[in-house]
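The primary structure of each chain is shown beneath.
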Amino acid sequence: MLTQAPHIPLRTSLLAMMVALSACSSNSQPVSGQANADQSKTNVTSNATNNAVPADLAQKFGQNLTKAGLNAKVIDIQPTEVNGIFWVTLQGLPAVFTTADGQYILQGDLVKLGQNQITDVTAPLIQAKAVKLFNQLDHSDMVVYKPATATKAVAYVFTDPDCGYCRKLHSEMAEINAKGIEIHYLAWPRSPQTVPKMQAIWCSEDRNAAMDAAKAGLSVSAPSCKDPVTAQQQLGMQLGVNGTPAIYSVDGRYLGGYLPAAELAKQLGVQ
């Protein structure tokens, strides 16, 4: 039975994501606490605001994570427009906010209240991070469905072959492609049981045929290979993906869960 797909920004508890990451598959490689000792390589960013990132924040935050029993590597720290609050990107996990002493984690959306308006401070940070991560992807590691004619827009879709709404979206692929939309599937297994299925898809000689079969509920088998399933799932976790389908535009906007072809085209600005 299909359940309602999420249509709100996907935010997930750091602790829950760490549990999910460690339980994902035998191929998952949780980041060791040792990585926190290597913070000199962390990309610590400052900008023209008065909220410069403290030089020792990456080290302090990494040490506090380790003391709390959380094995996570700090990848990047950026200032925000809020004095004393910083945006921390973690390897394979959702980004969080922290304070200047690195002792506190703030999760969720940071919102600015203005004159007759509310501004989401978090969304642009996530969007910029999504663009950076998508640009680092190897397109040969995706399962791509191209239009027969010219491509007007591209959407990245985190998917699972057993997900009901993923199957519904896939059943409309011909209509989606007919609108000039190119779909780039990324693996996001919702449970350890779907990891082997996704590995078989990505290791198949004809990935599209394997994906079609899996979405139809058929079994798929293929010789093992060096697959990107775990890496793509960890990328999704960094963006806060916690369910499938999760659809993004190339400019990093989260568009929603399942969207009918017409709505997807509208969201992507395709006429």
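This text follows the structure it describes.
The model shown is predicted, which means the values in this text are computed figures rather than measured ones.

> Pulling in residues and values, what's your account of the packing of aromatic side chains?
Within the structure shown, the criterion is met by 7 aromatic pairs. Centroid distance Phe158 to Tyr248: 6.0 Å. Interplanar angle 80 degrees. Geometry classified as edge-to-face. One end of the pair, Phe158, is in strand S9 (residues 153–159); the other, Tyr248, is in strand S11 (residues 246–249), and 90 residues separate them in sequence. Its relative accessible area of 0% is what places Phe158 among the buried residues. Accessibility expressed as a relative area gives 2% for Tyr248, which makes it buried. Between Tyr165 and Tyr258 the ring centres are 5.4 Å apart and the planes differ by 50 degrees, which places this aromatic pair in the tilted class.

> With reference to specific residues and values, describe the state of the cysteines.
Going through the model one piece at a time under the given rule, you end up with 1 disulfide. The side chain of Cys203 participates in a disulfide bridge whose partner is Cys225; the two sulfur atoms lie 2.0 Å from each other. Classification of the bridge connecting Cys203 and Cys225 rests on its S-S torsion, roughly -85 degrees, and on that basis the disulfide is left-handed. Separated by 22 residues along the polypeptide, Cys203 in helix H6 (residues 195–203) and Cys225 in the loop between helix H7 (207–215) and helix H8 (229–239) bring together distant segments of the chain. For Cys225, a relative accessible area of 36% puts it in the partly exposed group.

> Hey, could you go over the pattern of salt bridges for me, with residue numbers and the actual values?
The final tally for this structure, using the stated rule, is 6 salt bridges. Between Asp160 and Arg190 there is a salt bridge, and its shortest N-O distance comes to 3.9 Å. Placement of Asp160 in the loop between S9 and helix H4 (164–171) and of Arg190 in the loop between strand S10 (181–187) and H6 is noted, with a sequence separation of 30 residues between them. The closest approach of N and O atoms between Arg253 and Asp251, which form a salt bridge, is 3.2 Å. Owing to a relative accessible area of 35%, Asp251 belongs among the partly exposed residues under this scheme.

> Hey, could you go over helix H2 (residues 57–67) for me, with residue numbers and the actual values?
Taken as a whole, H2 has its buried residues at Leu57, Ala58, Phe61, Gly62 and Leu65. The buried residues of H2 occupy an angular sector of 125 degrees when the element is viewed end-on, so they sit on one face. Directly after H2, the chain includes Gly69, whose backbone phi takes a positive value near 85 degrees.

About the thresholds
- Residues numbered from 1 in each chain as written.
- Predicted model: local features only at pLDDT ≥ 70, side-chain atom pairs only at ≥ 80, totals over all residues.
- Heavy atoms only, no water.
- Phe/Tyr/Trp six-rings, centres within 6.5 Å; stacked < 30°, edge-to-face > 60°.
- Helix = DSSP H or I, 4+ residues; strand = E, 2+ residues; numbered from the N terminus.
- Buried < 20%, exposed > 50% of the residue type's maximum accessible area, 1.4 Å probe, protein only.
- Disulfide = S-S within 2.5 Å.
- Salt bridge = Lys/Arg side-chain N within 4 Å of Asp/Glu carboxyl O.
- Arc of directions from axis to C-beta.

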